[in-house]
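# Structural description and commentary
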Amino acid sequence: GAILVQAPPSALADPEAKAAWLESIRPKYGPWTPILDQLQLFTIFGSAWFSLLAAYLAASLVACVVHRSTRLWHTSVRPKVDPPGDFFERATQRETIALHQGAAEALPAIQGALRNRRYRTLVQDDGSLHLYADRNRLGPFASVAGHVGLLLILAGAVIGSTLGFSEPELLVAEGFTAAVPTRTGLTVKLEAFRDAYYPTTGAPSDFASDLVLYRDGAEVARRTVRVNDPLRYDGLSFYQSFYGPAAVMNVVDGSGATVLHEGVPLAWTEDGRSLATVVLPGTDLTALLVGTAGSADPVVRPGQLLVELHRQGDEGPVASGILDQGRAATLAGLNVVFERESLFAGLKVASDPGTPLVWLGSTLLVAGFGLGLAFRHRRVWGRLVARPGGGSILSLASIDRHDAGLDAEFTGLVGDIRQASTTPASTTPASTTPGRG
């Protein structure tokens, strides 16, 4: 969808418009044009196969959220306090400490050291004392929020593509109005267009359009718009997209009635010339307007406009002439005047009701995974057993292959437990099996 040209909504309005659009891109894609069209690659985001992929992704995300939420709930509410017997020998982080006190006497001090580091502790006694401690037990649920965020983004995209629309080429000449697609009675007027250029390179530095919106003839909004600074009204966003030359035309029939009076955007180019076609209302004629290619143009000089009148079914123009600004010419019984040169603004008009969901989903996605990484669920298991000759042995273990900070945390925790549960006069260290760190 980002690499291939996507068909605008105006090209999908009817088969003739689509056929004309396909012909316009044929020079770029050559014989592949009809094949890519049949594969719906020019309308990717509305294609059947894209919808199937989106549905599959949504189902996968839902299954992931349900499965992960259930597992995390059991881990948080009903953790396993007594791990398998060999867990303390194979865990990544492990430590064994010999204590002078018996298991029951040493337990309060061990729990106190854990609570000082904000660990919750659970105890189970089945002849040996089993100790479970964890911190940030709700942290993993943040990743669930991140997955929900992905679902919301996907839902927003589907809603936007289904209920919204995007018109990338709404052309409005300076001083004139154009009807807004899909909104009956809504028109936009370009009051003025301004462009600025860098003095050293001549490249455009800024271009802006002063827009006024009318609903049924009454003004409802106005704003100066730029590329990333749109006018928003009633769920619509009007963006400045591009600009170009326009010709203000006045056409009058033999009875003196005005056939056409509007600014016609010369939005297309051919051989360096700007051109446009416009249907003349009330007649069976279409006017082709061709602007100059510059001072080197041998046919249309600067300040002139070539006008050809065509009738459907005829091979060539029924009348043509090169018009100077402000001068009238009679073509096919019509009085045609090229009043003046002007500019037009190319606007992108978009309506996306799924945008709030996309923003909410994006917030959940970033916050969820960010919080999940910042507040890792850290778990420690302990086992206290009686030592022959008196005292007890404390085995500690923890495991999380994806937590880079667990080594330092476990080492500090072991040090705190040693300090809290042993005294210099009565305790000697027993065998120790260090893990990482």
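Each remark here, short or long, concerns the structure printed above.
Only a predicted model underlies this, so the values are computations on that prediction, with no experimental measurement involved.

On the basis of which strands lie adjacent, the open sheet formed by 4 strands has the order 5-6-7-8 and antiparallel pairing. A strand with exactly one partner marks an edge of an open sheet, and here the two such strands are strand 5 (177–179) and strand 8 (218–225). Taking the axes of each pair of neighbouring strands and ignoring which way they run, one obtains an average angle of 25° across the sheet. In this sheet, strand 6 (residues 186–197) lies alongside strand 5 in antiparallel orientation, the contact comprising 3 bridges. Paired with threonine 177 across the bridge in strand 6 is lysine 189.

Bringing unusual backbone geometry into the picture now. Glycine aside, the phi torsion of most residues is negative, and most peptide linkages are trans. One non-glycine residue with positive phi stands out, namely arginine 118, at about 65°. Structurally, the position occupied by arginine 118 is in the loop between helix 5 (103–116) and strand 2 (120–125). Look at aspartate 271: it is not a glycine, yet its phi comes out positive at around 55°. As for its placement among the helices and strands, aspartate 271 is situated in the loop between strand 12 (268–270) and strand 13 (273–279).

Here we take up the side chain of glutamine 240. Structurally, glutamine 240 can be placed in strand 10 (residues 236–252). By relative accessible area, which is 1% here, glutamine 240 ends up buried. Polar contacts involving the side chain of glutamine 240 include one to the main-chain carbonyl oxygen of phenylalanine 242, which spans 2.9 Å. The contacts of glutamine 240, once residues within four sequence positions are left out, are Phe193, Phe207, Ala208, Ser209, Val225, Arg226, Val227, Ala345, Gly346 and Leu347.

As defined by bridge partners, strand 13 adjoins strand 14 (residues 285–290) across 5 bridges and the pair is classed as antiparallel. Within strand 14, the residue paired with leucine 275 across the bridge is valine 290. Between strand 13 and strand 14, which pair antiparallel and follow one another directly, the connecting turn spans 5 residues, one of which, glycine 282, has a positive phi of 80°. With 6 bridges joining them, strand 14 and strand 15 (residues 304–311) adopt antiparallel strand pairing. Note on strand 15: the bridge partner recorded for leucine 288 is glutamate 308.

Position of glycine 389 relative to the elements: it lies in the loop between strand 19 (378–386) and strand 20 (392–398). Considering only alpha carbons, one finds glycine 389 and threonine 182, 207 residues apart in sequence, at a separation of 89 Å.

Note that glutamine 93 resides in strand 1 (residues 93–99). A distance of 2.6 Å separates a polar atom in the side chain of glutamine 93 from a polar atom in the side chain of aspartate 407.

A few words now on helix 8 (residues 406–421). For helix 8, which comprises 16 residues, the first-to-last C-alpha distance of 22 Å matches the rise-based estimate of 22 Å (1.5 Å per residue) to within 8%. Among the residues of helix 8, Leu406, Glu409, Phe410, Gly412, Leu413, Val414, Ile417 and Ser421 are the ones counted as buried. Of the surrounding elements, those touching the buried residues of helix 8 are strand 1, helix 5, strand 3 (129–135), strand 19 and strand 20.

Looking now at the environment of cysteine 64. Relative to the helices and strands, cysteine 64 is located in helix 3 (residues 48–77). Spatially, the C-alpha atoms of cysteine 64 and valine 144 are 8.6 Å apart, while their sequence positions differ by 80 residues.

Time to look at helix 6 (residues 141–163). An ideal rise of 1.5 Å per residue puts 33 Å on 23 residues; helix 6 measures up with 32 Å between its terminal C-alpha atoms. In this structure, the buried side of helix 6 is in contact with helix 3, strand 4 (165–173), strand 18 (334–351) and helix 7 (355–374).

Going through the model one piece at a time under the given rule, you end up with 10 aromatic pairs. Measuring from centroid to centroid gives 5.4 Å for tyrosine 29 and phenylalanine 42, while their planes differ by 55°, and the two rings are tilted. Within this pair, whereas tyrosine 29 is found in helix 1 (residues 15–29), its partner phenylalanine 42 is found in the loop between helix 2 (32–38) and helix 3, the two being separated by 13 residues in sequence. For phenylalanine 42, a relative accessible area of 2% gives the class buried. Within the aromatic cluster, the residues linked to one another by ring pairs are Phe87, Phe88, Tyr132 and Trp381.

Closest axis-to-axis distance for the helix 6/helix 7 pair is 7 Å, and the angle between their directions is 160°. Between helix 6 and helix 7, the angle falls in the class roughly antiparallel. Between helix 6 and helix 7 lies a crossing of left-handed hand. Class assignment for the residues of the contact of helix 6 with helix 7 results in 16 nonpolar, 9 polar and no charged.

One pass over the full model with this rule turns up 21 salt bridges. Among the salt bridges present, the one from aspartate 416 reaches arginine 117, with a minimum N-O distance of 2.6 Å. Placement of aspartate 416 in helix 8 and of arginine 117 in the loop between helix 5 and strand 2 is noted, with a sequence separation of 299 residues between them. Judged by its relative accessible area of 28%, aspartate 416 is partly exposed. In this structure, the salt-bridge partner of aspartate 229 is arginine 223, at a minimum N-O distance of 2.4 Å. The partly exposed category is assigned to aspartate 229, whose relative accessible area is 27%. For arginine 223, a relative accessible area of 36% translates into the label partly exposed.

This paragraph deals with the packing of helix 5 against helix 8. Two elements in contact, helix 5 and helix 8, have axes whose closest approach is 9 Å; the angle formed by their N-to-C orientations is 140°. With respect to their mutual orientation, helix 5 and helix 8 come out oblique. Handedness of the helix 5/helix 8 crossing: right-handed. Together, Ala109, Ile110, Ala113 and Leu114 of helix 5 and Leu413, Asp416, Ile417, Ala420 and Ser421 of helix 8 make up the contact between the two elements.

Conventions adopted
- Residues numbered from 1 in each chain as written.
- Predicted model: local features only at pLDDT ≥ 70, side-chain atom pairs only at ≥ 80, totals over all residues.
- Heavy atoms only, no water.
- Pairing = 2+ DSSP bridges.
- Helix = DSSP H or I, 4+ residues; strand = E, 2+ residues; numbered from the N terminus.
- Axes fitted to C-alpha atoms, helices over the stretch in contact; angles between N-to-C directions.
- Buried < 20%, exposed > 50% of the residue type's maximum accessible area, 1.4 Å probe, protein only.
- Polar contact = N/O pair within 3.5 Å; in protein donor to acceptor, adjacent residues only side chain to side chain.
- Contact = heavy atoms within 4.5 Å.
- Expected span 1.5 Å × (residues − 1).
- Phe/Tyr/Trp six-rings, centres within 6.5 Å; stacked < 30°, edge-to-face > 60°.
- Parallel < 35°, antiparallel > 145°, perpendicular 65-115°, else oblique.
- Left-handed = near helix turned anticlockwise from the far one by under 90°.
- Nonpolar A, V, L, I, M, F, W, Y, C, P; charged D, E, K, R; others polar.
- Salt bridge = Lys/Arg side-chain N within 4 Å of Asp/Glu carboxyl O.

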